[in-house]
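Listed below are the residues making up each chain.
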Amino acid sequence: TEPGAFHADDAPNDWFWNGTLGVHEVTVRKPTNPDLTLTYTTLATYGTFEQDSVPFGWLAFGSASPAGGVPVTGTASYNAEVWGSTIDRFGYITGTAMLDFNFGAGTLSGHLDPFLEGGSLGRYDFLNTVYGSGSTTFSGQLSKSGIAQIGTFNGQFTGPIAQELMARWSAPYIDPVTLQQSTMFGVWVGKD
């Protein structure tokens with residue numbers, strides 16, 4: 001494959017782009033990926049890759065919900081897939097997030113359940129969320145028992161009537177190997 005062009009390689013659910021000398025790479029999840037099954041939103045990883053390394057950058061992108069496209073009555077629960085990295089030892093973060101919206105009251109509650117290379121880092125509860133009825137965006141903090149510092153997230157709805165959403169996040173965590181506190185970051189994408 002030529003550098004500078006997206007290609008499928010051996011993974012039919014992703015597109016890959018290799019830069020000069022093959023060390024700068026971007027991986028984009030295809031909308032048809034069975035792990036995501038999203039229509040208006042996807043995510044990508046990017047970074048300078050060496051053998052046995054993991055991505056160092058994450059982004060979520062999609063078709064933003066228009067003003068007036070977010071419901072102003074009823075409730076919805078969005079399940080999201082989480083991707084990310086740690087800043088110190090380049091650990092790979094996966095997991096899930098649950099976001100519960102009351103569109104009429106303009107409230108948001110939920111939690112983040114991250115995993116570091118397959119091991120649970122525990123639940124992070126949403127705290128001090130900011131969401132108003134009809135708003136296309138939302139934000140808040142992430143709080144975990146036993147860690148004094150607080151994480152943050154901010155995101156927006158995607159799709160004509162807010163069928164999906166995306167967000168970026170960062171949070172402190174205790175490394176299970178070193179037992180030292182560090183930081184993890186990434187994105188999540190999900191749907192109602």
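Structure first, text after, so check above.
Thresholds applied
- Residues numbered from 1 in each chain as written.
- Predicted model: local features only at pLDDT ≥ 70, side-chain atom pairs only at ≥ 80, totals over all residues.
- Heavy atoms only, no water.
- Buried < 20%, exposed > 50% of the residue type's maximum accessible area, 1.4 Å probe, protein only.
- Helix = DSSP H or I, 4+ residues; strand = E, 2+ residues; numbered from the N terminus.
- Pairing = 2+ DSSP bridges.
- Polar contact = N/O pair within 3.5 Å; in protein donor to acceptor, adjacent residues only side chain to side chain.
- Contact = heavy atoms within 4.5 Å.
- Phe/Tyr/Trp six-rings, centres within 6.5 Å; stacked < 30°, edge-to-face > 60°.
- Core = buried A, V, L, I, M, F, W, Y, C linked by side-chain atoms within 4.5 Å.

Buried residues dominate strand β13 (residues 164–174), accounting for 8 of its 11 residues. Summarising the sheet, strand β12 (residues 151–158) and β13 pair through 7 bridges and their orientation is antiparallel. Bridge pairing links Phe-153 to Trp-169 in β13. Between β12 and β13, which pair antiparallel in sequence order, lie 5 residues; one of them, Gly-159, sits at a positive phi of approximately 95 degrees. Bridge analysis of β13 against strand β14 (residues 181–191) gives 11 bridges, and the strand direction is antiparallel. Counterpart to Tyr-173 in the pairing with β14 is Ser-182. Connecting the antiparallel pair β13 and β14 is a turn made up of 6 residues, with Leu-179 showing a positive phi of about 60 degrees.

This brings us to the side chain of Ser-65. Looking at where Ser-65 falls in the secondary structure, it is placed in the loop between β5 (57–62) and β6 (75–86). When its relative accessible area of 7% is taken as the criterion, Ser-65 is described as buried. Here the side chain of Ser-65 touches Thr-158 through a polar contact of 3.3 Å, landing on its backbone nitrogen. Within the local environment of Ser-65, its side chain forms a polar contact with the backbone oxygen of Gly-159, the two atoms lying 2.6 Å apart. When neighbours within four sequence positions are excluded, Ser-65 is seen to be in contact with Val-70, Thr-136, Phe-157, Thr-158, Gly-159 and Ala-162.

Right, let's get into the packing of aromatic side chains. Under the defined criterion, the tally for this structure stands at 15 aromatic pairs. With centroids separated by 4.4 Å and ring planes inclined at 35 degrees, the aromatic side chains of Phe-126 and Phe-153 adopt a geometry described as tilted. Highlighted residues: Phe-126 in strand β10 (residues 124–130) and Phe-153 in strand β12, separated in sequence by 27 residues. According to the relative accessible area criterion, Phe-126 is buried, its value standing at 11%. Geometrically, the ring pair formed by Tyr-131 and Phe-157 is edge-to-face, given 6.1 Å between the ring centres and 70 degrees between the ring planes. Highlighted residues: Tyr-131 in the loop between β10 and β11 (137–143) and Phe-157 in strand β12, separated in sequence by 26 residues. Looking at Tyr-131, the relative accessible area reads 8%, which means it is buried. On the accessibility criterion, Phe-157 (0% relative accessible area) is buried. Pairwise contacts between aromatic rings join Tyr-78, Phe-101, Phe-103, Phe-126, Tyr-131, Phe-138, Phe-153, Phe-157 and Trp-188 into one cluster.

Judged by nonpolar contacts, the single largest core of 30 residues is most densely connected at Tyr-78, Leu-99, Phe-101, Phe-138, Phe-157, Trp-169 and Trp-188. When residues of this core are assigned to their parent elements, the largest contribution, 5 residues, is made by β13. In this structure, Leu-38, Trp-83, Met-166 and Val-189 belong to the second largest nonpolar core, which totals 8 residues.

Within β6, 9 of the 12 residues are buried, leaving the element largely enclosed by the surrounding structure. Where β6 and strand β7 (residues 92–102) come together, 11 bridges link them in antiparallel fashion. Its bridge partner lying in β7, Glu-81 is registered against Thr-96. As defined by bridge partners, β6 adjoins β14 across 8 bridges and the pair is classed as antiparallel. Bridged to Ser-85 within β14 is Phe-185.

The analysis is restricted to geometry; functional conclusions fall outside its scope.
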